[in-house]
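Observations on the model geometry
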Amino acid sequence: MKDEKLTTDEYNALDEVRRGIQGRPSACVARNTKRLSGLKMLSFARNGHLSLTEKGKERLFLRRCILGLRALAADPAAKLDDEVIAFLGKKSHIATTDTGFAVTDKGRETLADIEAQGL
């Protein structure tokens, strides 16, 4: 089993590819392309352009959800995008309140699990 724990730099490279690369890739993308393509998170098209795979998109989305859950735990008035709110609400990790959203007991357990794993 491969070590699929990503660094901040690798997440930044995935996000940059998601936004689209115009011209040459940045140093961040160039540094991390080999490992990310080996983990099947990036793929090369026949014309040489980089793109995210479904696995890469999923990993970025899960990171946004984790960061959003942490932000809500710290500040219930934190702003999150609609996709993250919908996902966390559907999984019962957050609940609506008068001031915005609150992290549920299940959400706190999930955050504790994530911290224990070092993600």
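On inspection of all chains with the given rule, the structure shows nine salt bridges. The salt bridge involving Arg31 is made with Asp9; its shortest N-O contact spans 3.0 Å. With Arg31 in helix H2 (residues 27-38) and Asp9 in helix H1 (residues 8-19), this residue pair connects regions lying 22 residues apart in the sequence. Overall, the relative accessible area of 54% leaves Arg31 in the exposed class. For Arg64, the salt bridge identified is with Glu83, shortest N-O distance 2.8 Å. Placement of Arg64 in helix H3 (residues 54-74) and of Glu83 in helix H4 (residues 82-90) is noted, with a sequence separation of 19 residues between them. By relative accessible area, Glu83 is classed as exposed at 51%. Counted as one network, the salt bridges with shared partners bring together Asp15, Arg18 and Arg19.

The next subject is the nonpolar core. Of all hydrophobic cores here, the largest spans 14 residues; its most connected members are Leu6, Leu14, Val17, Leu36, Met41, Leu42 and Leu52. For this core, the secondary structure elements donating two or more residues are H1, H2 and strand E2 (50-52). Sorting elements by how many residues they give to this core places H1 first, with four residues. Apart from residues lying up to four places away in sequence, Val17 is in contact with Val29, Leu42, Leu50, Ser51 and Leu52.

Counting along an α-helix, one turn takes 3.6 residues, and residues three or four places apart therefore face a common direction. When the terminal C-alpha atoms of H1 are compared, their 16 Å separation across twelve residues agrees well with the 16 Å that a helix rising 1.5 Å per residue should span. Regarding H1, the residues found buried are Glu10, Tyr11, Ala13, Leu14 and Val17. The arc that holds every buried residue of H1, seen down its axis, measures 160 degrees, which confines them to one face. Contacts from the buried residues of H1 go to H2, strand E1 (42-44), E2 and H3. Once H1 ends, the next one or two residues include Gly20, with phi positive near 105 degrees.

In the Ramachandran plot, Lys40 falls in the positive-phi region, its phi being about 65 degrees despite a non-glycine side chain. Here Lys40 shows up in the loop between H2 and E1. Classification of Lys40 as exposed rests on a relative accessible area of 55%. Notably, Ser92 is not glycine yet its phi reads approximately 65 degrees, a positive angle. Topologically, Ser92 is positioned in the loop between H4 and strand E3 (94-96).

Reading the values: the criteria
Residues numbered from 1 in each chain as written. Predicted model: local features only at pLDDT ≥ 70, side-chain atom pairs only at ≥ 80, totals over all residues. Heavy atoms only, no water. Salt bridge = Lys/Arg side-chain N within 4 Å of Asp/Glu carboxyl O. Helix = DSSP H or I, 4+ residues; strand = E, 2+ residues; numbered from the N terminus. Buried < 20%, exposed > 50% of the residue type's maximum accessible area, 1.4 Å probe, protein only. Core = buried A, V, L, I, M, F, W, Y, C linked by side-chain atoms within 4.5 Å. Contact = heavy atoms within 4.5 Å. Expected span 1.5 Å × (residues − 1). Arc of directions from axis to C-beta.

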